[in-house]
Amino acid sequence: MGVSEATVSRVLNGKPGVSEATRQSVLTALDVLGYERPTQLRGERARLVGLVLPELQNPIFPAFAEVIGGALAQQGLTPVLCTQTKGGVSEADYVELLLQQQVSGVVFAGGLFAQADAPHDHYYRLAERNIPVVLVNASIEGLDFPCVACDDAVAIEQAWRHLASLGHERIGLILGPEDHVPSRRKLEAARVAAAAAGMAWDDAFFERSVFSLEGGQAAATRLLGRGVTGIVCGSDPLALGAIRAARRRGLSVPADVSVVGFDDSAFMTVTEPPLSTVRQPIEAMGRAAVDLLIAQIQGTQHHLGELLFEPELVVRGSTAPPPAR
């Protein structure tokens with residue numbers, strides 16, 4: 001080809017000082033020899049957007065995927081769904097695959113960004129590559145990405161006030177792991193809500209759990225053993241586990257124990273009893289996430305910080321006044 005190693009290096013690293021004709025010759029030689037062009041030299045990014053979900057067992061995540069995927073399609077973008085499974089592809093591996101696919105951006109609908117003790121290097125890698133990113137859910141500090149979240153403090157306040165208004169004085173709380181940022185916010189809000197209701201906060205009425213029905217059942221079993229009459233849960237699957245725990249102890253929901261969930265995910269209207277829960281505005285949050293991503297892709301908006309969306313208490317059949325003493 002008749003060019004020096006230094007010239008090839010300048011082309012590969014995007015440095016100035018090389019004519020356009022020489023630059024094209026170097027890139028053509030790479031293609032002919034079967035070498036992969038460096039990412040920044042492959043041309044315009046694909047019309048693909050990574051949509052990364054932590055799981056599909058909790059119905060809230062497929063619901064977010066449906067809203068976000070539909071909003072992306074309306075913008076002419078194709079979502080690439082990346083779902084983590086235990087022992088499967090990690091979030092970091094998915095990010096690497098998405099970078100190889102030249103995606104235009106990535107939306108994380110939940111994930112390791114909400115866990116303080118989890119690895120976060122792959123997020124910084126996206127930032128270094130200037131890939132547009134939007135997070136759905138409360139994030140740890142230090143990740144400088146736009147974020148769309150439900151107001152966890154308002155959600156807990158609504159649930160707590162509802163149970164207190166029914167006459168409950170011994171209210172239990174089931175949340176996620178200690179490093180989970182939304183759970184931290186909910187715990188802080190619960191302490192404030194208890195004080196506002198004139199209740200003394202008791203750590204014995206608080207349990208942490210993994211986000212699963214089985215985890216909720218185990219945590220609720222412990223709380224019921226301490227005499228709670230109402231339980232506020234950090235997700236709907238946790239709440240369903242709490243209802244199962246009550247039944248295993250021969251208790252009736254809501255006659256003996258009231259349970260409130262969080263999310264208002266699919267099928268909560270057909271559980272037995274139908275679940276009282278705090279609804280996340282999934283449609284508004286999902287569309288806002290896509291709007292933020294499009295603004296970054298088009299270069300019209302880089303950062304709006306965290307957008308907090310107001311939740312809504314939905315009262316159904318799993319809450320009632322506590323049993324008379």
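See the structure shown above.
Residues numbered from 1 in each chain as written. Predicted model: local features only at pLDDT ≥ 70, side-chain atom pairs only at ≥ 80, totals over all residues. Heavy atoms only, no water.

Undergrad: Help me out: how do you make sense of the sheet that holds strand E4 (residues 133–136) in this one?
TA: Two pairing modes exist for strands in a sheet, parallel and antiparallel, and in both the strands are linked by backbone hydrogen bonds. Pairing is parallel in the open sheet, where six strands are placed in the order E2-E1-E3-E4-E5-E11. The strands lining the two open edges of the sheet, one partner per strand, are strand E2 (78–83) and strand E11 (306–309). Strand-to-strand twist across the sheet, computed as the mean angle between neighbouring axes with direction ignored, equals 15 degrees. Summarising the sheet, strand E5 (residues 147–150) and E11 pair through four bridges and their orientation is parallel. Note that in E11 the partner of Cys147 across the bridge is Glu306. (Pairing = 2+ DSSP bridges. Helix = DSSP H or I, 4+ residues; strand = E, 2+ residues; numbered from the N terminus. Axes fitted to C-alpha atoms, helices over the stretch in contact; angles between N-to-C directions.)

Undergrad: Would you mind showing me how to read the packing of aromatic side chains here?
TA: Note on aromatic pairs: each is described by the distance of the centres and the angle between the planes. The final tally for this structure, using the stated rule, is four aromatic pairs. Through a chain of ring-to-ring contacts, the aromatic side chains of Phe108, Phe113 and Tyr123 assemble into a single cluster. The cationic tip of Lys186 hangs over the ring face of Phe262; the distance from NZ or CZ to the ring centre is 4.0 Å. (Phe/Tyr/Trp six-rings, centres within 6.5 Å; stacked < 30°, edge-to-face > 60°. Lys NZ or Arg CZ within 6 Å of the ring centre and 35° of its normal.)

Undergrad: Please clarify how the packing of helix H8 (residues 213–225) against helix H9 (residues 236–248) should be interpreted in this entry.
TA: The relative placement of two packed helices is expressed as an angle between their axes plus a distance between the axes. The N-to-C vectors of H8 and H9 enclose an angle of 50 degrees; their axes lie 7 Å apart at closest approach. The orientation of H8 relative to H9 falls into the category oblique. Crossing of H8 against H9: the hand is right-handed. Here Leu213, Gly215, Gly216, Gln217, Ala220, Thr221 and Leu224 of H8 come into contact with H9, specifically with Pro237, Leu238, Leu240, Gly241, Ala242, Arg244, Ala245, Ala246 and Arg248. (Parallel < 35°, antiparallel > 145°, perpendicular 65-115°, else oblique. Left-handed = near helix turned anticlockwise from the far one by under 90°. Contact = heavy atoms within 4.5 Å.)

Undergrad: Explanation requested: the environment of Gly286 in the structure shown.
TA: Within the fold, Gly286 resides in helix H10 (residues 282–298). Taking the C-alpha atoms as reference points, Gly286 and Pro177, 109 residues apart in sequence, are found 25 Å from one another. Not counting residues up to four positions away in its chain, the partners in contact with Gly286 are Phe64, Val67 and Ile68.

Undergrad: When you look at the sheet that holds strand E10 (residues 276–279) in this model, what are you seeing that I'm missing?
TA: Taken in spatial order, the six strands of this open sheet run E7-E6-E8-E9-E10-E12, and their pairing is mixed. Strands at the two margins of the open sheet, each flanked by one partner only, are strand E7 (206–208) and strand E12 (312–314). Put simply, the sheet's adjacent strands are angled 20 degrees from each other on average, direction ignored. In this structure, strand E8 (residues 230–233) lies alongside strand E9 (residues 258–263), joined through three bridges in parallel fashion. Its bridge partner lying in E9, Val232 is registered against Val260. Contacts between helix H7 (residues 181–196) and the sheet are confined to strand E6 (171–175), E7 and E9, with E6 contributing the most and set at about 165 degrees to the helix.

Undergrad: Would you mind going over helix H5 (residues 121–128) with me for this structure?
TA: Count 3.6 residues to each turn of an α-helix, and residues three or four apart come out pointing the same way. Within the span of H5, buried status applies to His122, Tyr123 and Leu126. What you see down the axis of H5 is that its buried residues fit within an arc of 105 degrees, all on one side. Of the exposed residues in H5, the ones pointing more than 90 degrees away from its buried face are Asp121 and Glu128. In the core, the buried residues of H5 are packed alongside helix H4 (91–100), strand E3 (105–109) and E4. (Buried < 20%, exposed > 50% of the residue type's maximum accessible area, 1.4 Å probe, protein only. Arc of directions from axis to C-beta.)

Undergrad: Would you mind showing me how to read the pattern of salt bridges here?
TA: Within this structure, the stated rule accounts for twelve salt bridges. Close ionic contact of Glu96 with Arg125 constitutes a salt bridge, the shortest N to O distance being 3.0 Å. In this pair, Glu96 sits in helix H4 while Arg125 sits in helix H5, placing the two residues 29 residues apart along the sequence. Classification of Arg125 as partly exposed rests on a relative accessible area of 30%. Between Asp152 and Lys186 there is a salt bridge, with the nearest N and O atoms lying 2.5 Å from each other. Of this pair, Asp152 sits in helix H6 (residues 152–165) while Lys186 sits in helix H7; the two residues are 34 residues apart in sequence, bridging distant segments of the chain. Comparing Asp152 with Lys186, the two get one shared label, buried. (Salt bridge = Lys/Arg side-chain N within 4 Å of Asp/Glu carboxyl O.)

Undergrad: Would you take a moment to explain the pairing of strand E1 (residues 48–53) for this structure?
TA: For a regular strand, the rule is simple: side chains alternate between the two faces of the sheet. With five of its six residues buried, E1 lies for the most part within the structure. Where E1 meets E2, six bridges bridge the pair, whose relative direction is parallel. The residue bridging Leu53 from the neighbouring strand is Thr83, located in E2. What joins E1 to E2 is helix H3 (residues 60–74), and the crossover it makes is right-handed. Relative to E3, E1 runs parallel, the two sharing four bridges. Bridge pairing links Val52 to Phe108 in E3. (Right-handed = clockwise from strand over helix to strand, strands pointing away.)

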